[in-house]
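Notes for the structure review
The primary structure of each chain is shown beneath.
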Amino acid sequence: MNTTARRPTEDAAMRTCGHSPRPSLQIPAILADLITARRLGDRRGVCLLGHRAVRATELEVGE
């Protein structure tokens, strides 16, 4: 029995994150949220914030 409830905007957020410009959040803020998500046991939040942290540190082509 699957007890996981899907968030209605989860898929939309994933699609948007993949096509959005570089996040404006600073790495310390992202990592603080990542720690909070980990402490709360929010595995999906940990995954999303991990991807967000990587995207925030990636250089654009030509940089």
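Since the model is a prediction, treat every value here as computed from it, not as a measurement. (Residues numbered from 1 in each chain as written. Predicted model: local features only at pLDDT ≥ 70, side-chain atom pairs only at ≥ 80, totals over all residues. Heavy atoms only, no water.)

1. Points about the overall build of the protein
Per the secondary structure count, the protein includes 3 helices and 0 strands. Listing every helix and strand of the protein by position from the N terminus yields α-α-α. In the protein, buried positions account for 14% of the 63 residues. Counted over contacts in the protein with a minimum sequence separation of 6, partners at least 24 positions apart contribute 69%. As presented, the protein carries roughly 5,300 Å² of accessible surface, and 58% of it is formed by carbon and sulfur atoms. (Helix = DSSP H or I, 4+ residues; strand = E, 2+ residues; numbered from the N terminus. Buried < 20%, exposed > 50% of the residue type's maximum accessible area, 1.4 Å probe, protein only. Contact = heavy atoms within 4.5 Å. Areas by Shrake-Rupley, 256 points an atom, 1.4 Å probe, with all protein chains shown as cover.)

2. Quick look at helix α2 (residues 27–40)
Residue pairs spaced three or four apart in an α-helix point in one direction, given the helix's 3.6 residues per turn. Taking 1.5 Å of rise per residue, the 14 residues of α2 would be expected to cover 20 Å, and the 20 Å separating its terminal C-alpha atoms lies within 8% of that figure. Following α2 by one or two positions, G41 adopts a phi angle in the positive range, close to 75°. (Expected span 1.5 Å × (residues − 1).)

3. A few points about the nonpolar core
Across soluble globular proteins, nonpolar side chains have a tendency to be buried as a group. Of all hydrophobic cores here, the largest spans 5 residues; its members are I30, A37, L49, A53 and A56. Those elements giving two or more residues to this core turn out to be α2 and α3 (43–57). Per-element tally for this core: the top contributor is α3, with 3 residues. Dropping the residues within four chain positions of it, A53 is found in contact with I27 and I30. (Core = buried A, V, L, I, M, F, W, Y, C linked by side-chain atoms within 4.5 Å.)

4. What about the confidence of the model for the protein?
Taken as a whole, the protein shows an average pLDDT of 76; of its residues, 63% reach a score of 70 or greater. Model confidence for the protein, summarised as mean pLDDT per element, is weakest for helix α1 (residues 10–19) at 68 and strongest for α2 at 92. (pLDDT = per-residue confidence, 0-100.)

5. Concerning the packing of α2 against α3
Close contact between α2 and α3 brings their axes to 9 Å; oriented N to C, the two are set at 165°. In terms of their interaxial angle, α2 and α3 are classed as roughly antiparallel. For α2 against α3, the interelement crossing comes out left-handed. Contacts from I27, I30, D33, L34, A37 and R38 of α2 reach α3 at G45, V46, L49, G50, R52, A53, A56 and T57. Considering only residue class, the contact of α2 with α3 consists of 8 nonpolar, 3 polar and 3 charged. (Axes fitted to C-alpha atoms, helices over the stretch in contact; angles between N-to-C directions. Parallel < 35°, antiparallel > 145°, perpendicular 65-115°, else oblique. Left-handed = near helix turned anticlockwise from the far one by under 90°. Nonpolar A, V, L, I, M, F, W, Y, C, P; charged D, E, K, R; others polar.)

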